[in-house]
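So you can see what is in the structure, the chains are spelled out below.
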Amino acid sequence: MASEKKLPQQAGKLMSTAGGFETWMQYVEGFKLRHFCGFELLNDARGLSCLKDYHRKAVEAAVANGFGMINEGLHYRASRDWGELIGFSREALAEINIRGIEFYREIAREYASPETPMLVSGAIGPRGDAYNVGRTPDAAEAEDYHSEQILTFRTAGADLVTAMTFSSVEETIGVARAAKSAELPVVISFFVARSGRLKGGETLEEAISRVDSATGNAPEYYMINCTHPTEFEPGLTPGEWTARLGGFMPNAVAMETLSLCKLGHLEDGDPDELGAQMATLARRFPHIHVWGGCCGTDGRHIGQITRQVGEVRRGEAST
């Protein structure tokens, strides 16, 4: 089962998270991220400075509206296969995973307060490409593969694990089991196509039911990331299953994600409009407490999302 100790968002605290730094670093700051591996920016002096600037602006936007923050994202492709592609040994990969957790820990220490709690999460991405899904590992292979990074997160003192942009139910089961074995809280965030379904054709309800059944309800809750509200909303069918949803991390614009990552410029949409769309979802799902952003988003989007969702929540509390 999910851990007995509740995370702040499970105890009713409004939290945000910013997962769109790769597109910002590529198209605004001009970095070339090999295989979308943002973690190696920790080894670049300007990269480190830009990372701090991006994340601090997102945190400050959330805090200004009374939200806490789940600090995460750098580790998304800091796993064995992706690390080997850009020349990282297992030892070097473990070291930079630990440094990434400490990077977020420093930010958390700077902004934490009783009203705005700060968590540090180890973000995990799929073993393969989330968007051009080829062969995906079965649950046993995925558990073995992702355990390596999850155990490093535990050593580094991460508060939780967030599996982002997963399309394979089997691989997700493996991640959840690996985190459960490591005794780390785990959040599963699915990537859905414009139909509101996973790449394998499963509905969100079916995917969540299968993972819960196979893992004894191991995930703390589920999220959706790396797609726009207009694209994932068709998958939010009515039913008791939606009680297992705990957060949304939308892209800034409605566009096929692979195209969004290869445009050569940033598509950042309208932050105010995105905030309004998230506020609509906040009215529909009053139990959801994590409201963040993914590709194309930055502190401006986080500011509008937390402002407008916060207004909804305050309005609900006053009625």
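Please refer to the structure placed before this passage.
Below is a short write-up of the structure.

How each quantity is defined
Residues numbered from 1 in each chain as written. Predicted model: local features only at pLDDT ≥ 70, side-chain atom pairs only at ≥ 80, totals over all residues. Heavy atoms only, no water. Core = buried A, V, L, I, M, F, W, Y, C linked by side-chain atoms within 4.5 Å. Buried < 20%, exposed > 50% of the residue type's maximum accessible area, 1.4 Å probe, protein only. Helix = DSSP H or I, 4+ residues; strand = E, 2+ residues; numbered from the N terminus. Contact = heavy atoms within 4.5 Å. Lys, Arg positive; Asp, Glu negative; His and termini not counted. Salt bridge = Lys/Arg side-chain N within 4 Å of Asp/Glu carboxyl O. Polar contact = N/O pair within 3.5 Å; in protein donor to acceptor, adjacent residues only side chain to side chain. Pairing = 2+ DSSP bridges. Expected span 1.5 Å × (residues − 1). Axes fitted to C-alpha atoms, helices over the stretch in contact; angles between N-to-C directions. Parallel < 35°, antiparallel > 145°, perpendicular 65-115°, else oblique. Left-handed = near helix turned anticlockwise from the far one by under 90°.

## Considering the nonpolar core
Right, so step 1: Counting residues in hydrophobic clusters, the biggest one holds 80 residues, and the most contacted among them are Met25, Ile150, Phe190, Leu236, Phe248 and Trp291.
Right, so step 2: If you tally residues by element for this core, the top one is helix H4 (residues 90-111), at eight residues.
Right, so step 3: When neighbours within four sequence positions are excluded, phenylalanine 248 is seen to be in contact with Met223, Ile224, Phe232, Leu236, Met278, Leu281, Phe285, Ile288, Val290, Trp291 and Gly292.
Right, so step 4: Membership of the second largest hydrophobic core comes to 19 residues, among which are Leu7, Tyr221, Met249 and Cys294.

## Some details on the side chain of glutamate 72
Right, so step 1: Take glutamate 72: it is sitting in the loop between strand E2 (68-71) and helix H3 (80-85).
Right, so step 2: Buried and without a salt bridge, glutamate 72 has arginine 105 as its closest oppositely charged side chain, separated by 12 Å.
Right, so step 3: A polar contact is formed between the side chain of glutamate 72 and the side chain of threonine 162, at a distance of 2.8 Å.
Right, so step 4: Setting aside chain neighbours within four positions, we find glutamate 72 in contact with Thr17, Ala18, His55, Tyr104, Ser121, Thr162, Met164 and Met249.

## Details of unusual backbone geometry
Right, so step 1: You will see that phenylalanine 36, though not glycine, has its phi angle at about 60°, which is positive.
Right, so step 2: On the secondary structure map, phenylalanine 36 appears in the loop between helix H1 (21-27) and helix H2 (45-64).
Right, so step 3: Residue classification places phenylalanine 36 among the buried positions, given a relative accessible area of 12%.
Right, so step 4: The phi torsion at glutamate 183 lies on the positive side, around 60°, for a residue other than glycine.
Right, so step 5: Mapped onto the elements, glutamate 183 comes out in the loop between helix H6 (169-181) and strand E5 (186-190).
Right, so step 6: Under the relative-accessibility criterion, glutamate 183 is labelled exposed at 70%.

## Side note on the pairing of strand E4 (residues 160-166)
Right, so step 1: For E4, the buried fraction is high: seven of the seven residues fall into the buried class.
Right, so step 2: As paired elements, strand E3 (residues 118-124) and E4 share four bridges and run parallel to each other. From the neighbouring strand, isoleucine 124 faces E4, where its bridge partner is alanine 163.
Right, so step 3: The pairing of E4 with E5 spans four bridges and is classified as parallel.

## Remarks on H6
Right, so step 1: The terminal C-alpha atoms of H6 lie 18 Å apart, and with 13 residues this matches the ideal 18 Å at 1.5 Å per residue to within 8%.
Right, so step 2: Here H6 has its buried residues at Val169, Glu171, Thr172, Ile173, Gly174, Val175, Ala176, Ala178 and Ala179.
Right, so step 3: Of the surrounding secondary structure, the elements contacted by the buried residues of H6 are helix H5 (139-156), E4, E5 and helix H7 (204-215).
Right, so step 4: At the N-terminal boundary of H6, the capping side chain belongs to serine 168, with an oxygen 3.4 Å from the backbone nitrogen of glutamate 170.

## Observations regarding helix H10 (residues 271-284)
Right, so step 1: Taking 1.5 Å of rise per residue, 14 residues should cover 20 Å, and H10 covers 20 Å from first to last C-alpha, within 8% of that figure.
Right, so step 2: Of the surrounding elements, those touching the buried residues of H10 are helix H8 (229-232), strand E7 (245-249), strand E8 (290-291) and helix H11 (299-318).

## Thoughts on the pattern of salt bridges
Right, so step 1: Applying the stated rule across the entire model yields 20 salt bridges.
Right, so step 2: With its nearest N and O atoms 3.7 Å apart, the salt bridge here joins arginine 284 to glutamate 233. Pair noted here: arginine 284 is in helix H10 and glutamate 233 is in the loop between H8 and E7, with a separation of 51 residues, a long-range link.
Right, so step 3: For arginine 284, a relative accessible area of 37% translates into the label partly exposed.
Right, so step 4: Take glutamate 233: its relative accessible area is 33%, and that puts it in the partly exposed class.
Right, so step 5: One salt-bridge network, in which partners are shared between bridges, spans Arg80, Arg90 and Glu148.

## Here's the deal with the packing of H2 against H11
Two numbers describe a pair of packed helices, the interaxial angle and the distance between the axes.
Right, so step 1: Interhelical geometry of H2 versus H11 gives an angle of 15° and a closest axis separation of 8 Å. The orientation of H2 relative to H11 falls into the category roughly parallel. H11 is crossed by H2, and the crossing has right-handed handedness. Across from Lys57, Ala58, Ala61 and Ala62 in H2, the residues of H11 making contact are Gly299, Ile302, Gly303 and Thr306.

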